[in-house]
Amino acid sequence: MTVVSDAMPSAFSREEREGVLIASVPTGLLIGGEWREASDGGTFDVHDPATGEVLATLASATSLDAVAALDAADAAQASWARTAPRVRAEILRRAFDLVTARAEDFALLMTLEMGKPLAEARGEVTYGAEFLRWFSEESVRDYGRYLTTPEGKNKILVQHKPVGPCLLITPWNFPLAMATRKVAPAVAAGCTMVLKPANLTPLTAQLFAQTMMEAGLPAGVLNVVSTSNAPAISGPLLKDSRLRKISFTGSTPVGKRLMADAAKNVLRSSMELGGNAPFIVFEDADLDAAVEGAMAAKMRNMGEACTAANRFLIHESVAQEFTRKFATAMGKLTVGRGTDPATNVGPLIDARARAEVHGLVTEAIEAGAVPFVGGSPVDGPGFFYQPTVLANVPSNAAILGQEIFGPVAPVTTFATEEEAIKLANSSEYGLASYLYSRDFNKLLRVAEQIEFGMVGFNAGVISNAAAPFGGVKQSGLGREGGAEGISEYTTTQYIGISDPY
């Protein structure tokens, strides 16, 4: 492939460099190690959310293509499962090296198709690549055990086996990291895959799949079926008894439907669904640190993250000062195309997303919320929205009850620790949460009582490849990353052995 970052960037204009990069991305379906057109010749366009312009046209997979991809994954499963863990580990390590070497290409591609500023895109490359390195190490450490039964009559042998062919469905907001977070543990465990990236941002997954092949991944282990018709992929595959697992990251309503379909074949399921993260600031918090954390927790990816702080619950004694400082920091951000080095805030993903965000803001203001900063879409091409802080948000406002997925921070207050816990737990979601206090005992006490899979103590960014990512309640089930991540792709087999003595 053409590695644009190595091609003397000074010789290219910005437009030329972007064009060369886009032209290097495969536009077909990856099935059985070969890039091919869709069975019906169908295509779909990928747009730049900063301009609305078409970036590329990709093959749009059909149900026939989905089944062909599963055919390839099923054919490769037995030999891939027998492949030595060290071999799988070294493929992942080579992939880590390749992605890292091409960091600028991956970052620019994500900025073009998703809109995030280049600085954030570079951060995602680092984060996403780390899953490749982490699971290259975990591949050779997937321990079983051997022990004597309590009564001493037999031996117990426990081993882990790959679960089998997997369907991996990734969202549009983190095009590289969500792919690596699923593909890397599947490779490490010895599973084959059918990957369906989001139709809004498939280019990064296409480039990543090509990179995995260059790293030595055998044909058929990873198959990619980008499409404009997601049900055409998930529908037939979830009915096929050869598929043994689904891993999905996306909205809770879609996740529920997939879980219902997966239940018919009793598929192993990992679901990373919606979030409604509370950001709780207690009266003894370091407010400057809390504002810095709030900026990180809210504005990562323009707020288009399931871990984004969604509700700012601030103790009433410090709410005014926190809100003022927070609004000042938000007001200093620069909105623009992600390729501009001065940009802090890129566009939202599409017109519908921006309309939904503005609808929540408008409703909150009509209900009595006060906009300290922002509160409106940005005029011009692209789908930009002003960084917004809303104070005095009524407790029954819709903006506090659902995922915002945009650069909007609603602030409300609490009087006691018990009230903060009650407000935090009032959501049906339970993914990420953030607590700010100088009292470590308080942090531990509150963490014990709030219903969230992840808690940040005086930290606004907590995602890490070495940590188990996932939620409770309607935020999903299963964990990605950490020592737990590979177990999502294995089954446990117990062998009872007659004691030889």
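Here, every reference points to the structure presented above.
Per-chain numbering applies: the sequence of each chain, read as written, is numbered from 1 onward. The predicted nature of this model means local features are confined to residues of pLDDT at least 70 and side-chain atom pairs, given and counted, to a pLDDT of 80 or more, with totals for whole chains, interfaces and linings taken over all residues. Computation of side-chain values: all heavy atoms of the structure, hydrogens and water removed.

A. Summary view of the overall build of the protein chain. Labels follow the DSSP assignment, with helices taken as runs of H or I lasting at least four residues and strands as runs of E lasting at least two, numbered in each case from the N terminus. The secondary structure content of the protein chain amounts to 14 helices and 22 strands. A globule of 501 residues ought to have a C-alpha radius of gyration of about 23 Å, and the protein chain, at 23 Å, matches this closely. Referenced to the eigenvectors of the C-alpha coordinate spread, the extents of the protein chain come out at roughly 70 × 70 × 40 Å. Burial status across the protein chain gives 56% buried among its 501 residues. For the radius of gyration, the atom set is restricted to C-alpha positions; the globular benchmark scales as 2.2 Å times the number of residues to the power 0.38. Burial status follows relative accessibility: with a 1.4 Å probe on protein chains alone, a residue under 20% of its type maximum counts as buried, one over 50% as exposed, and anything between as partly exposed.

B. Up close: the sheet that holds strand β6 (residues 154-162). In this analysis, strands are considered paired if DSSP registers two or more bridges between them. One open sheet holds the three strands; their spatial order is β5-β6-β22, and the pairing between them is antiparallel. Sheet topology places β5 (145-148) and β22 (490-498) at the edges, where each strand pairs with a single neighbour. The average angle at which neighbouring strand axes cross in this sheet is 20°, direction not considered. Pairing geometry for β6 and β22, over nine bridges, is antiparallel. By the bridge assignment, Leu 157 is partnered in β22 with Ile 495. In this description, a line fitted to the C-alpha atoms serves as the axis of each element, helices being fitted only across the stretch in contact, and the angle between N-to-C directions of two axes falls anywhere from 0 to 180 degrees.

C. Layout of the packing of aromatic side chains. The aromatic pairing rule takes the rings of Phe, Tyr and Trp, using the six-membered ring of Trp, and pairs them if the centres are within 6.5 Å, calling planes under 30 degrees apart stacked, those over 60 edge-to-face and the rest tilted. In the structure shown here, the tally under the stated rule is nine aromatic pairs. For the pair Trp 172 and Phe 405, a centre-to-centre distance of 5.7 Å together with 85° between the ring planes defines the contact as edge-to-face. Of this pair, Trp 172 sits in the loop between β7 (166-169) and α6 (177-189) while Phe 405 sits in the loop between β15 (388-391) and β16 (408-414), and the two are 233 residues apart along the sequence. Geometrically, the ring pair formed by Phe 322 and Phe 326 is tilted, given 5.4 Å between the ring centres and 45° between the ring planes. Linking Phe 322 with Phe 326, this pair stays in helix α11 (residues 319-331), spanning four residues, or about one helical turn. Like Phe 322, the residue Phe 326 is buried in the burial classification.

D. Here's a closer look at the nonpolar core. One finds Leu 132, Val 183, Leu 203, Phe 208, Met 212 and Leu 222 to be the most contacted residues of the largest nonpolar core, which totals 63 residues. Contacts: residue pairs with any heavy atoms within 4.5 Å of one another. With residues near it in sequence (within four places) discarded, Val 183 still touches Leu 168, Met 193, Leu 195, Phe 208, Met 212 and Leu 222. Only buried residues count toward a nonpolar core. Its members are Ala, Val, Leu, Ile, Met, Phe, Trp, Tyr and Cys residues joined through side-chain atoms within 4.5 Å. Of all hydrophobic cores here, the second largest spans 52 residues; its members include Val 291, Met 330, Val 389 and Val 393.

E. Main features of the environment of Arg 181. Mapped onto the elements, Arg 181 comes out in helix α6. Note: C-alpha distance between Arg 181 and Gly 250 (69 residues apart in sequence) is 14 Å. Excluding anything up to four places from it in sequence, Arg 181 contacts Tyr 127, Phe 131, Glu 272, Phe 469 and Glu 480.

F. Broad picture of the packing of helix α3 (residues 85-101) against helix α7 (residues 203-214). Contact geometry of α3 with α7 gives a least axis separation of 9 Å together with a crossing angle of 130°. Classified by the angle between their axes, α3 and α7 sit oblique to one another. Judged by the twist between their axes, the crossing of α3 over α7 is right-handed. Every residue of α7 that contacts α3 at Leu 92, Ala 95, Leu 98 and Val 99 is listed here: Phe 208, Thr 211, Met 212 and Glu 214. Classification convention: Asp, Glu, Lys, Arg as charged; Ala, Val, Leu, Ile, Met, Phe, Trp, Tyr, Cys, Pro as nonpolar; all other residues, Gly among them, as polar. Looking at side-chain class alone, the contact of α3 with α7 contains six nonpolar, one polar and one charged residues. Oblique is the label for any angle not covered by the other classes, which are roughly parallel (under 35 degrees), roughly antiparallel (over 145) and roughly perpendicular (65 to 115). Two helices crossing with the near one rotated counterclockwise from the far one by less than a right angle form a left-handed crossing, whereas a clockwise rotation gives a right-handed crossing.

G. Looking closely at the side chain of Arg 88. Along the polypeptide, Arg 88 turns up in helix α3. Residues in contact with Arg 88, not counting those within four places in the same chain, are Trp 80, Ala 81, Thr 83, Ser 139, Val 187, Ala 188, Ala 189 and Gly 190.

H. Representation of the sheet that holds strand β12 (residues 277-281) in the model. Reading across the sheet, the seven strands line up as β14-β15-β16-β13-β12-β18-β19 and stay open at both edges, with mixed pairing between neighbours. Among the strands making up the open sheet, the edge pair consists of β14 (370-373) and β19 (454-457). Ignoring strand direction, the axes of neighbouring strands in this sheet form an average angle of 25°. Looking at chain direction, β12 and strand β18 (residues 432-436) are connected through three bridges and run parallel. In the strand pairing of β18, Ile 280 is matched with Leu 435. Those strands touched by helix α12 (residues 351-366) are β14, β15 and β16, and its axis lies near 25° from that of β15.

I. Structural detail: the pairing of β15. Side chains Thr 388 and Leu 390 of β15 all project onto a buried face; the interleaved residues Val 389 and Ala 391 project onto the opposite face, where all are buried too. Bridge analysis of β14 against β15 gives three bridges, and the strand direction is antiparallel. From the neighbouring strand, Val 373 faces β15, where its bridge partner is Val 389. One ladder, built from three bridges, connects β15 with β16; its direction is parallel. If you follow Val 389 over to β16, its bridge partner there is Ala 409.

J. Representation of the packing of helix α4 (residues 103-114) against α7. Between α4 and α7, the least distance of the axes is 9 Å, while the angle of their chain directions is 155°. Between α4 and α7, the angle is such that the two are roughly antiparallel. Contacts between α4 and α7 pair Phe 106, Leu 109, Met 110 and Glu 113 from the former with Leu 203, Thr 204, Leu 207, Phe 208 and Thr 211 from the latter.

K. Here's a closer look at the pattern of salt bridges. When a carboxyl oxygen of Asp or Glu lies within 4 Å of a side-chain nitrogen of Lys or Arg, that pair is called a salt bridge. Applying the stated criterion across every chain yields a total of 21 salt bridges. With its nearest N and O atoms 3.6 Å apart, the salt bridge here joins Lys 442 to Asp 284. One end of the pair, Lys 442, is in helix α14 (residues 440-449); the other, Asp 284, is in the loop between β12 and α10 (287-299), and 158 residues separate them in sequence. Look at Lys 442 and you get buried, because its relative accessible area is 8%. With its nearest N and O atoms 2.8 Å apart, the salt bridge here joins Glu 417 to Arg 445. Placement of the pair is Glu 417 in helix α13 (residues 417-424) and Arg 445 in helix α14, with a sequence separation of 28 residues. Residue Arg 445 is classed as partly exposed on the basis of its relative accessible area of 38%.

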